[in-house]
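Chain residues, written in single-letter form:
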Number of protein chains: 2
Amino acid sequence: MFRSETYKNRRAQLSKDVNEGIILLLGNTESSMNFADNHYHFVQDSSFRYFFGLINPDIAGIIDCDSGEEMLFGDDLTIDQIVWTGFQPTMKELAEQVGIDKTAPFAKLAELVQKALADGRTVHYLPPYRATQRITLSNLTNQAVSKVDEGASVKLIKAIVKQRNIKTTEEIEELEKAVDITAQMHIAAMQHTRPGMKEYEVGAIVQNTAKMHGAELSFPMIITKDGQTLHNHYQGNTLKSGDLLLCDSGAQAVSGYCGDMTRTFPVDKKFTSRQAELYQIALDAHEAAIKELAPGKRFKDIHLLAGKTIFEGLKAVGLTKGDTESAVAAGAHTMFMQTGLGHMMGMDVHDMENLGEPYVGYTDELKKSTEFGLKSLRLGKALEAGNVITVEPGIYIIPQLIDLWKSEKKYEEFINYDELEKYKDFGGIRIEEDFVITDEGAKMLGRQVPKTIADVENTRA
Amino acid sequence: MFRSETYKNRRAQLSKDVNEGIILLLGNTESSMNFADNHYHFVQDSSFRYFFGLINPDIAGIIDCDSGEEMLFGDDLTIDQIVWTGFQPTMKELAEQVGIDKTAPFAKLAELVQKALADGRTVHYLPPYRATQRITLSNLTNQAVSKVDEGASVKLIKAIVKQRNIKTTEEIEELEKAVDITAQMHIAAMQHTRPGMKEYEVGAIVQNTAKMHGAELSFPMIITKDGQTLHNHYQGNTLKSGDLLLCDSGAQAVSGYCGDMTRTFPVDKKFTSRQAELYQIALDAHEAAIKELAPGKRFKDIHLLAGKTIFEGLKAVGLTKGDTESAVAAGAHTMFMQTGLGHMMGMDVHDMENLGEPYVGYTDELKKSTEFGLKSLRLGKALEAGNVITVEPGIYIIPQLIDLWKSEKKYEEFINYDELEKYKDFGGIRIEEDFVITDEGAKMLGRQVPKTIADVENTRA
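Parameters and conventions
Residues numbered from 1 in each chain as written. Chains lettered and ligands numbered in written order. Predicted model: local features only at pLDDT ≥ 70, side-chain atom pairs only at ≥ 80, totals over all residues. Heavy atoms only, no water. Buried < 20%, exposed > 50% of the residue type's maximum accessible area, 1.4 Å probe, protein only. Helix = DSSP H or I, 4+ residues; strand = E, 2+ residues; numbered from the N terminus. Pairing = 2+ DSSP bridges. Axes fitted to C-alpha atoms, helices over the stretch in contact; angles between N-to-C directions. Parallel < 35°, antiparallel > 145°, perpendicular 65-115°, else oblique. Left-handed = near helix turned anticlockwise from the far one by under 90°. Contact = heavy atoms within 4.5 Å. Nonpolar A, V, L, I, M, F, W, Y, C, P; charged D, E, K, R; others polar. Least-squares fit on C-alpha atoms with pLDDT ≥ 70 in both. Salt bridge = Lys/Arg side-chain N within 4 Å of Asp/Glu carboxyl O. Polar contact = N/O pair within 3.5 Å; in protein donor to acceptor, adjacent residues only side chain to side chain. Disulfide = S-S within 2.5 Å. Domains from an automatic or database assignment. Buried area = accessible area lost by both parts, 1.4 Å probe. Expected span 1.5 Å × (residues − 1). UniProt positions renumbered as here; feature names shortened; annotations may be inferred. Patch = residues over 30% accessible without salt bridge, like charges linked within 9 Å, V, L, I, M, F, W, Y side chains within 5 Å. Areas by Shrake-Rupley, 256 points an atom, 1.4 Å probe, with all protein chains shown as cover. Lys, Arg positive; Asp, Glu negative; His and termini not counted. Charge placed at Lys NZ, Arg CZ, Asp CG, Glu CD. Phe/Tyr/Trp six-rings, centres within 6.5 Å; stacked < 30°, edge-to-face > 60°. Lys NZ or Arg CZ within 6 Å of the ring centre and 35° of its normal. Core = buried A, V, L, I, M, F, W, Y, C linked by side-chain atoms within 4.5 Å.

A word on the pairing of strand β14 (residues 433–437) of chain A
A regular strand carries its side chains on alternate faces of the sheet. Residue and element names in this part refer to chain A. Where burial is concerned, most of β14 is hidden: five out of the five residues are buried. The alternating pattern of β14 places E433, F435 and I437 on one face and D434 and V436 on the opposite face, and all of these are buried. Hairpin connection between β14 and strand β15 (residues 442–444): a loop of four residues separates the two successive antiparallel strands.

What follows is the structure, encoded as structure tokens:
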């Protein structure tokens, strides 16, 4: 947690930007697994945490933009609860830690919200991403559950994105630590993976490294020999000589800040020549993209540059052909890189994804494309100093996509389908690191994880 | 997954027991952390899994008790989804694995349910424990969200409890494996804990051992030097010489079945004499309870026997006094053992807790007590062969409870408050193992984890 001044300043700025009405930020509740009292590990709502700092469940915060009043709503423990949870700070004490004087029981929140609505005032709230938020907002605002989402405040979203988009020095320090834990997770996996292991045993090493720092995983890790399956959470395969292993994982540190990295390495000590050839192309795309990172550069253009680098590189392998500019303009590179180049990162691994890509990754002038490939690019707009982003190009050989597009004769002038058939069992490669945009360019976060073919092979030896 | 016959037989029995109307079992959906697409690890609803076997999200099953028809509702993947998830079996293929011929898209479920309701038929569903189930049931049955809970079918609950209460041989085999992983988690913690470690580093060892078997934690682990705080999930303390460490954790194996064990051991290689004295009393209560396990024995009586053993044992230490029978009848032992002796265990670590304790742990004749202590006993009724349960007595020295009851002069005739004051920094002890009730008595599940003082100290050495 930062000093209370940090949260006070953030709230003052938010109040000024939203300017009228009441801002309502719901903290998260516990999330049940298979019965009500068996909870997943608690994850606080990031916007609530950003402005109110607290990581306890079942709290909501109010900022009255007109009166300047700020309040926290939550309940103190009874003696029966203290037996189970031990002494906990009171709401009053928690509130003081983040610079707030007024607190009330959670049940009083509905009164305040409904009085405000009755008085014709606007109650600004964020779009829900959990069903329980939808029900709470429905009860608080007397709207049908199905109507809650459309009532979310665009003004509030924009004001929050404005602040959270630009990471402060103290935030970058915390991000640096989270990414450094993430780097250690990847180094451990690269050092200890051996043929015969199950994917989940590598997963155990990765998770253990996070946990040894008191951290959680910032998202469900991907540890797979089938890296071409982009969101592959199956970890039951046995790793064999000749396999490539793709590891995509990150830590969410105690501070709440996240890391997100990917490495792809051979289960053997050395890449095969075929693996090395495609790995180098993915790495070239990664390095080309990194060189471009700077304020004012449109991330969409950097994404397309990575696509061009991959398309061009694959010509030498015999998988692509024709004019690279025309091919990428037509989308032919999406046979290999179906994903976006990267995304914002902060307290959410995809930072502010719940606030909506139109506000976080795009602008009123630059809308997100609906084309295959580009529609998966979460960040398109020009970079600004203080943005924290991932850069994660990849080459994915997806048999189902090859079969489909080949049957449709799609991109025939750009893709050598006969040659590509021979690569159907190849798998996938992704290389991902995290960067903060600086005034001059960009700085990588966390310690360096082996990335060149030589460095990876040295680590595997 | 068991053979399809297993699920067919279970459904046939359920249909027979419910006898009329339509049974609707909702599988779980993914659960979002801090934005919609960032999911916690998926946990299937246990009743859905028990009768329909599948571990995929977003599926629902129907059993028509009148026509005998069975159906699964869920959606096949589009090519866009296959790019992200890889090939997955179709709904048709999944259904065949569990002996079902008819499938339909999820959207068709509402039609079927609403036609049944319009025809005046009963639609039996289970009480929701996630907000998303509440919204889905509200939409399916045209009830207000706030009315959904009270519409749950007691007939369905009772019919499900009747089956799930008695574990079959194939279930016990899976439980044995899950508890054995759990045992290994505890042995690893006992072997590797050292002064100077953080609690979360022990947690990392425990979780790593589960993950190395492809298992998840069956509940949020408790790894704490403050064992008197019963649901203590804080793991930020540094372990010091002289501390006692309480580890309560369990695995949920790939099969879905759970383990749940607790060990308490010194951070040093040896117990202090004070620790050993109280540990032996907790162990005596544990052993006394285990000896009683047999069909026909009321678990509430065994719980009270454990309370008596603890109360009696603490007399020699000078913490209690007076007639043990009268003290336990009055509830004086709950100064030390505020919790229940144990609970059912199966695919839920507190098996069927979502179905309600009145049906799972009690009967129409034996209702749960509302007294402090007994109100935390989830299981009171007579044991039956095939029940799988935990036995977990404990001694917890809770300063806040001592202060409160002392100020109220509560149990003055049974508790030596002056002596107890000296133990306020003691902490807590719990010893927990898992048992299946057999025709003759009971059998412990999983390998033996060191439990006697000598065995624990040998493992710590």
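The discussion continues.
Digging into the packing of helix α8 (residues 169–192) of chain B against helix α9 (residues 199–211) of chain B
In a packed pair of helices, the relevant descriptors are the angle between the two axes and the axis-to-axis distance. Residue and element names in this part refer to chain B. Relative to each other, α8 and α9 sit at 150°, their axes nearing to 8 Å. In terms of axis orientation, α8 runs roughly antiparallel to α9. Seen along the crossing, α8 lies across α9 with a hand that is right-handed. Contacts from I181, Q184, M185, A188, A189 and H192 of α8 reach α9 at V202, I205, V206, T209 and A210. Residues that form the contact of α8 with α9 fall into these classes: eight nonpolar, three polar and no charged.

Brief notes about the relation of the copies chain B and chain A
For the pair chain B and chain A, the best superposition has an RMSD of 0.0 Å and corresponds to a rotation of 180° with a translation of 0.0 Å parallel to the axis. Taken together, the rotation angle and the small translation identify this as a two-fold axis. Looking at the interface residues of chain B, 100% of them are also at the interface in chain A, so both copies use one shared face.

Remarks on the interface of chain B and chain A
On the chain A side, the residues contacting the 67 residues of chain B number 67 residues. Where chain B packs against chain A, one counts zero salt bridges. At the junction of chain B and chain A, the tally comes to 19 residue pairs in polar contact (both at pLDDT 80 or more). Looking at the side of chain B that touches chain A, the elements with two or more residues in it are α3 (79–85), α6 (131–141), α9 and α14 (399–407) of chain B. Among the elements that take part in the side of chain B that touches chain A, α9(B) stands out by supplying eight residues, more than any other. Residue composition of the side of chain B that touches chain A, by class: 29 nonpolar, 29 polar and nine charged.

Let's talk about the packing of helix α6 (residues 131–141) of chain A against α6(B)
Two numbers describe how α6(A) lies on α6(B): the axes approach to 7 Å, and their chain directions differ by 65°. Between α6(A) and α6(B), the interaxial angle falls into the category roughly perpendicular. α6(A) and α6(B) meet at a crossing whose hand is left-handed. Taking contact as the criterion, the partners of A:A131, A:T132, A:R134 and A:I135 in α6(A) are, on α6(B), B:A131, B:T132, B:R134 and B:I135. In the contact of α6(A) with α6(B), the residues fall into four nonpolar, two polar and two charged.

Focus: the state of the cysteines
Under the defined criterion, the tally for this structure stands at zero disulfides over all chains. The thiol sulfur of A:C247 is not disulfide-bonded, and the nearest other cysteine sulfur, from A:C258, lies at 19 Å.

With respect to the domain arrangement of chain A
Residue and element names in this part refer to chain A. Partitioning chain A into domains gives domain 1 (4–164) and domain 2 (169–460). Both sides of the domain 1 and domain 2 interface together cover about 1500 Å² of buried area, and 54% of this is carbon and sulfur. The largest share of the area that domain 1 buries against domain 2 comes from R49, V161 and R164, three residues that together contribute 35% of it. For the pair domain 1 and domain 2, the number of links is three salt bridges. With a shortest N-O distance of 3.0 Å, D348 and R164 are connected by a salt bridge.

Regarding unusual backbone geometry
With the exception of glycine, the majority of residues adopt a negative phi angle, and the majority of peptide bonds are in the trans configuration. Residue and element names in this part refer to chain B. The backbone phi angle of N19 is positive, close to 80°, even though this residue is not glycine. Tracing the backbone through its elements, the reader meets N19 in the loop between α1 (4–18) and β1 (22–26). Look at M352: it is not a glycine, yet its phi comes out positive at around 65°. Exposure remark for M352: the relative accessible area of 0% places this residue in the buried category.

Quick word on helix α10 (residues 273–292) of chain A
An ideal rise of 1.5 Å per residue puts 28 Å on 20 residues; α10(A) measures up with 29 Å between its terminal C-alpha atoms. Within α10(A) the residues assigned to the buried category are A:Q275, A:A276, A:L278, A:Y279, A:I281, A:A282, A:L283, A:A285, A:H286, A:A288, A:A289 and A:I290.

Examining helix α11 (residues 299–317) of chain A
Residue and element names in this part refer to chain A. Here α11 contains 19 residues, and its C-alpha end-to-end distance of 28 Å stays within 8% of the 27 Å for a straight helix at 1.5 Å per residue. Those residues of α11 that sit buried are F299, K300, I302, H303, L304, A306, G307, I310, F311, L314 and V317. Where α11 is buried, its residues meet α10, α12 (324–330), β11 (388–391), β12 (394–396) and α15 (417–421). Just downstream of α11, G318 is the residue with a positive phi angle, here 95°.

Description of the sheet that holds strand β4 (residues 102–104) of chain A
Residues and elements named next belong to chain A. Strand order across the open sheet formed by five strands is β4-β3-β2-β1-β5, with mixed pairing between neighbours. Lying at the two open borders of the sheet, with one neighbouring strand each, are β4 and β5 (123–124). Note that strand β3 (residues 70–73) and β4 share three bridges and pair parallel. Residue pairing in the sheet places M71 in a bridge with K102 of β4. Against the sheet, helix α1 (residues 4–18) engages β1 (22–26), β2 (60–64), β3 and β5, with an angle of about 55° to β2. Across the face of the sheet, helix α5 (residues 108–118) comes into contact with β1, β2, β3, β4 and β5 while running at roughly 150° to β1.

Here we look at the UniProt feature "domain: Aminopeptidase P N-terminal" (unreviewed entry) in chain A
Residues annotated by UniProt as "domain: Aminopeptidase P N-terminal" (unreviewed entry) correspond here to residues 2–134 of chain A. Secondary structure across residues 2–134 of chain A divides into 38% helix and 14% strand, with the first and last C-alpha atoms of the span separated by 30 Å.

Quick look at a negative patch on the surface
Taken together, the side chains of A:E30, A:D58, A:D75, A:D76, A:E93, A:E96 and A:D101 define an acidic patch exposed on the protein surface. By the element assignment, A:E93 lies in helix α4 (residues 91–97).

Structural notes on the side chain of A:N387
Relative to the helices and strands, A:N387 resides in the loop between α13 (357–360) and β11. Beyond its immediate stretch of four places on either side in the chain, A:N387 contacts A:N165, A:I166, A:M344, A:A382, A:F435, A:V436 and A:I437.

Re the packing of aromatic side chains
Inspection of every chain in the model, using the stated rule, returns 19 aromatic pairs over all chains. Measuring from centroid to centroid gives 5.4 Å for A:F372 and A:W405, while their planes differ by 75°, and the two rings are edge-to-face. A residue pair is termed long-range when its members are at least 10 positions apart, and A:F372 in the loop between α13 and β11 and A:W405 in helix α14 (residues 399–407) qualify at 33 residues. A relative accessible area of 23% places A:F372 in the partly exposed class. Relative accessible area serves as the criterion here: at 4%, A:W405 is assigned to the buried category. Geometrically, the ring pair formed by A:W405 and A:Y411 is edge-to-face, given 5.4 Å between the ring centres and 70° between the ring planes. These aromatic residues form a ring-pair network of at least three members: A:F2, A:Y7 and A:Y257. Its guanidinium or amino end placed over the ring of A:Y50, A:R10 lies 3.7 Å from that ring's centre, counting from NZ or CZ. Over the ring of B:Y423 we find B:R274, and its NZ or CZ is 4.6 Å from the ring centre.

Concerning the pairing of strand β8 (residues 244–249) of chain B
Residue and element names in this part refer to chain B. Most of β8 is tucked away, with six of its six residues classed as buried. Side chains L244, L246 and D248 project from β8 onto one buried face, and the interleaved L245, C247 and S249 project onto a second face that is buried too. Inspection of the sheet shows β8 paired to strand β10 (residues 261–266) by six bridges, in the antiparallel sense. Pairing of S249 across the sheet is with M261, part of β10.

Details of the nonpolar core
In terms of nonpolar packing, the biggest core is built from 124 residues, with A:L72, A:I389 and A:L420 touching the most fellow members. Per element, the largest residue contribution to this core is 10 residues, and it comes from helix α8 (residues 169–192) of chain A. Lining this core are residues from two domains, each supplying at least three of them: domain 1 (4–164) and domain 2 (169–460) of chain A. Within the second largest apolar cluster, 123 residues are counted, among which are B:Y50, B:F52, B:A189 and B:M261.

Remarks on the pattern of salt bridges
Under the definition given, this model contains 72 salt bridges over all chains. For A:E421, the salt bridge identified is with A:K424, shortest N-O distance 3.3 Å. Overall, A:K424 belongs to the partly exposed group, its relative accessible area being 24%. Residue B:K162 pairs with B:D17 through a salt bridge whose shortest N-O separation is 3.0 Å. Of this pair, B:K162 sits in helix α7 (residues 154–164) while B:D17 sits in helix α1; the two residues are 145 residues apart in sequence, bridging distant segments of the chain. Residue B:D17 is classed as partly exposed on the basis of its relative accessible area of 23%. Taken together, the salt bridges that share partners define one network made up of A:R164, A:K167, A:D348 and A:D351.

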